[in-house]
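Structure assessment
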Amino acid sequence: MMKRIEAWLAEEIGLDPDSVGADLIARAIQRRCDERRVKNEGDYLALLHSSEDERQRLIEEIVVPETWFFRDQGPFRYLQSWARKRPRNAVLRIASAPCSQGEEPYSVAIALLEVGYQPRDFHIDGYDVSLRALQRAQTAFYRPHSFRQTVPNQESYFEPTNGGQQLRAAYRSLVNFEWGNLLDPSFGQNKPLYDIIFCRNVLIYLDAPSRKRVVQTLDRMLAPNGLLFVGAVEALQSISNQFESLREPQAFVYRRREEMRPVAEPLASKPPAFKIKPRIKPIDVNGTQTPRVRPINKNASPIPSLNDARQLADQGCLREAQSIVENYIDTQKPDADAFYLYGLIQQASDQTRAAEDSYQKALFLQPGHAGALAQMALLLDQSGDRMSADRFRRRLQRVYSNGEPQNKTMVPQ
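This write-up is about the structure you can find in this document. Predicted model only: the values in this text are computed from it and were never measured.

Observations concerning the overall build of the protein chain
The helix and strand tally for the protein chain stands at 17 helices and 10 strands. The long-range share in the protein chain, meaning contacts at least 24 apart out of those at least 6 apart in sequence, stands at 72%. For the protein chain, the accessible area works out to roughly 20,800 Å², and carbon and sulfur atoms hold 48% of it.

Next up, the structure:
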C-alpha cells in the first residue's frame, strides 16, 4: 500500500518520499486511519480511491508548514534594494508559491512598505496546496514561533492578542490567497505575468522530474527579466540552464535567460476557472503505476574540506572554519552535514539565529539528522520555547528508536 500511495503523492504533489522520510508518511497514514476508524491498510486505500476529501486530508498531514516572518534576511534586503531602483510606472506583481500560512507574502508586503511603496504599487498572490494553511493565512493570526526573525517596525503592523500577534486589518488585504498546485499544468495560466516569484524551500522536497516541471512552470509565469527567489539549499543551476544567478550574497535570486525562453505550448484543453475545492487525482488501487526511480550518484563522496573545517573549529579557529564551510556550500551540492557544521560554528560564534537557520536547512535536506535535531532542541530550550524544543526532542527519539541516526559521525558528543 505504501508504494502505491507514495507513487500517487509523487504524481500529485511531486513529493520525493526520501525528502521527508517513509516514517513520516507512515505516521500520517496511521493518523488518518485512526481518525476515520479504518481497521486495515486495504480499507484505507479503498477510502482514498473513493474520497477526494480524504486525499486532501492526507496531503494536509504530510505537508507540514515550517516558516516564519523574514526567514533569511538576504532575499528581503535584495528585494528592497531592487524595488527602490525600479520605476513605479506599473504595478509590481509578485507571487509566493507555496505561501504556507502567509508569513512569506506578508513579509514581502512589509518589506515593500518599509521602502516607501504604497499598497497601490504592488499586487501579491499567495498560493499553496494546503487548504488548512490557506485558512490560517487568511486569519492573519500568528504565534511566537512565526517571529523567530525581527520584523521591522513590528508594532506598526501587528497587535498582540490571545497569546499571539494579529496582523492589523489595514494590511490583511495586501495578499490574495488562492489554492494552487505547482504541478498542475494550468497553474497560473490565466494570470498576468509576475515580476517576482518567491518559490523557496519546496524544490528540495520534489523528485527530479517534478522539479523540472515546476521550474518550467515558474519560467512560464515570469515576466521578461523577472526575478526568481529560491531557498538557500536549492541549486537552481543544477535543475535548469534557463536561469542565471545574480550572485547577490545570501539572496539566492535568479533571473531568467531571455535567450533560453522556450516557445509556450498551448494546453490540450482550456484550463478550468479557479476551483473552490481543488481536484485531486485518484489513487491507483490496482497498483499499475510505475513508481519513479531516482538515479543514484555512485560517485558522491564527502569533500575533505569539511573535515578540515571541523578540525579548525575544534582548534578554535572559527573564522577560518566558517570560510571553508561557506565556500563548500556555495560551490558543492547541498549537504546536510555542511549546514549542520555551519550551524555549530555559528553557535560557537554567538550567532544564535543564524545557527538555528543552518540547522533548519540541514533538516530540510535530511529530516532525520540527529545532530541538527539535538541542537535545535537545545537552542529552543535556551530561548524559552519549551514546546518547540520538546517537538524536536520527540523527533530525535523517533530517529533513535528506528535504528541508527542518519548522521553517524555528526552527532554531538
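Some thoughts on the pairing of strand 4 (residues 158–161)
Sheet topology places strand 4 next to strand 5 (residues 164–167); 4 bridges connect them, and they run antiparallel. Bridge assignment links Pro160 to a residue of strand 5, and that residue is Gln165.

Some remarks on the environment of Phe339
The residue Phe339 is located in helix 14 (residues 336–348) in this model. Remark: the alpha-carbon pair of Phe339 and Lys361, spanning 22 residues in sequence, is separated by 6.5 Å.

Some details on the sheet that holds strand 6 (residues 175–179)
If you trace the 7 strands from one edge of the open sheet to the other, you get 6-2-1-7-8-10-9, paired in mixed fashion. In this open sheet, the two edge strands, each paired with only one partner strand, are strand 6 and strand 9 (243–245). Taken pair by pair, the neighbouring strands of this sheet meet at an average axis angle of 25°, ignoring direction. One ladder, built from 5 bridges, connects strand 1 (residues 92–96) with strand 2 (residues 122–128); its direction is parallel. Note that in strand 2 the partner of Arg93 across the bridge is His123. With respect to the sheet, helix 8 (residues 131–139) is in contact with strand 2 and strand 6, its orientation differing from that of strand 6 by roughly 160°.

Some words on unusual backbone geometry
In this chain, Ala97 is followed by Pro98 through a cis amide linkage whose omega measures 0°. Its identity as a non-glycine residue notwithstanding, Asp72 has a phi of 65°, on the positive side. Using a relative accessible area of 9% as the deciding quantity, one classes Asp72 as buried. Positive phi, close to 60°, is recorded for Gln250, a residue that is not glycine.

Brief notes about the pattern of salt bridges
The full count for this structure, using the stated rule, is 13 salt bridges. Linking Asp72 and Lys361 is a salt bridge whose minimum nitrogen-to-oxygen distance equals 3.6 Å. With a gap of 289 residues between them, Asp72 in the loop between helix 5 (52–62) and helix 6 (73–85) and Lys361 in helix 15 (residues 352–365) connect regions that are remote in the sequence. Lys361 gets classed as buried once you look at its relative accessible area, which sits at 9%. The residue Asp121 makes a salt bridge to Arg88 at a minimum N-O spacing of 3.8 Å. A residue pair is termed long-range when its members are at least 10 positions apart, and Asp121 in the loop between helix 7 (103–114) and strand 2 and Arg88 in the loop between helix 6 and strand 1 qualify at 33 residues. By relative accessible area, which is 13% here, Asp121 ends up buried. Connected via shared salt-bridge partners are Asp72, Glu104, Arg200, Asp357 and Lys361.

Analysis parameters
Residues numbered from 1 in each chain as written. Predicted model: local features only at pLDDT ≥ 70, side-chain atom pairs only at ≥ 80, totals over all residues. Heavy atoms only, no water. Helix = DSSP H or I, 4+ residues; strand = E, 2+ residues; numbered from the N terminus. Contact = heavy atoms within 4.5 Å. Areas by Shrake-Rupley, 256 points an atom, 1.4 Å probe, with all protein chains shown as cover. Pairing = 2+ DSSP bridges. Axes fitted to C-alpha atoms, helices over the stretch in contact; angles between N-to-C directions. Buried < 20%, exposed > 50% of the residue type's maximum accessible area, 1.4 Å probe, protein only. Salt bridge = Lys/Arg side-chain N within 4 Å of Asp/Glu carboxyl O.

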